[in-house]
Amino acid sequence: MKKLDKKQLRTLAYVGIIGVLGIASITLFTVSKFEKAKYQASNSVQLAATNKLNQLIKADANALTDQSSKYYAAAVYWDEVQTIFTEKTKANSQAYMATAIPAYAFSLSTLIAFGLILKHAEKVKEKEESVV
C-alpha cells in the first residue's frame, strides 16, 4: 500500500472536516424542517379547536359545565382536543428549536471551516513556494 504524502493527507483532512460539518448541517436542517412541519400542523389543530370551543361557548356560556346543554358533548370534545394540542404544540416548538439552532450553527461552521481551510491552504502553498 502506498504511503500518502503531506499534501494528500491535508486534502483528506480538509475534505473530512468540510464533509462532516456539511453532512451534520444538512441532516439537522432536514430534521428541523420536519419538526417545523409538525409544529405548524399541531398549531393549526390547536387554533381550530380553540375557535370551535369559542363558538360553542358563545352559543351557550355553560356548554362546558352544564351536562344538559345540547353543546356539552361537543364542548368537552373540543376542550380536550385544545388541551392535548396545546401540549403537542409546545413540545413540537421545543423540538423545532432544538434542531434548528444546531442546524444553523453547523451551517455557519461549515462556511467558516471552508474559509479557514482556504486560508490555511494558501499559507501552505506560499510556504512550499518559498522553499523551492
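Residues numbered from 1 in each chain as written. Predicted model: local features only at pLDDT ≥ 70, side-chain atom pairs only at ≥ 80, totals over all residues. Heavy atoms only, no water.

Caption draft 1: Spotlight on the overall build of the protein. A count of helical and extended segments in the protein gives two helices and zero strands. Here the C-alpha coordinates of the protein stretch approximately 95 × 30 × 15 Å along the principal axes. Burial analysis of the protein (132 residues in total) assigns 20% to the buried set. Once local pairs closer than 6 in sequence are excluded, the contacts in the protein between residues at least 24 apart make up 71%. Of the roughly 9700 Å² of accessible surface on the protein, a fraction of 65% belongs to carbon and sulfur atoms. With 17 positive and 11 negative side-chain charges, the protein shows a spacing of 9 Å between the two charge centroids. (Helix = DSSP H or I, 4+ residues; strand = E, 2+ residues; numbered from the N terminus. Buried < 20%, exposed > 50% of the residue type's maximum accessible area, 1.4 Å probe, protein only. Contact = heavy atoms within 4.5 Å. Areas by Shrake-Rupley, 256 points an atom, 1.4 Å probe, with all protein chains shown as cover. Lys, Arg positive; Asp, Glu negative; His and termini not counted. Charge placed at Lys NZ, Arg CZ, Asp CG, Glu CD.)

Caption draft 2: Fine view of the environment of Ala48. By the element assignment, Ala48 lies in helix 1 (residues 6–59). Put simply, Ala48 and Tyr96 are 48 residues apart on the chain and 21 Å apart in space, counted from C-alpha to C-alpha.

Caption draft 3: The pattern of salt bridges, seen in detail. Inspection of every chain in the model, using the stated rule, returns two salt bridges. Here Arg10 and Glu128 are joined by a salt bridge, their closest N and O atoms 3.0 Å apart. You can see Arg10 sitting in helix 1 and its partner Glu128 sitting in helix 2 (residues 72–131), a full 118 residues away along the chain. Among the ionic pairs, Lys38 bridges to Glu35, the shortest N-O distance being 3.5 Å. In this pair, Lys38 and Glu35 both sit in helix 1, three residues apart, roughly one turn of the helix. The class of Lys38 is partly exposed, set by a relative accessible area of 32%. (Salt bridge = Lys/Arg side-chain N within 4 Å of Asp/Glu carboxyl O.)

Caption draft 4: The packing of aromatic side chains, seen in detail. One pass over the full model with this rule turns up two aromatic pairs. A centroid spacing of 6.3 Å and a plane angle of 80 degrees characterise the contact between Phe29 and Tyr104, whose relative ring orientation is edge-to-face. On the criterion of sequence distance, the pair formed by Phe29 in helix 1 and Tyr104 in helix 2 is long-range, its members being 75 residues apart. Centroid distance Tyr77 to Trp78: 5.0 Å. Interplanar angle 75 degrees. Geometry classified as edge-to-face. On the basis of relative accessibility, which here comes to 47%, the residue Tyr77 falls in the partly exposed class. (Phe/Tyr/Trp six-rings, centres within 6.5 Å; stacked < 30°, edge-to-face > 60°.)

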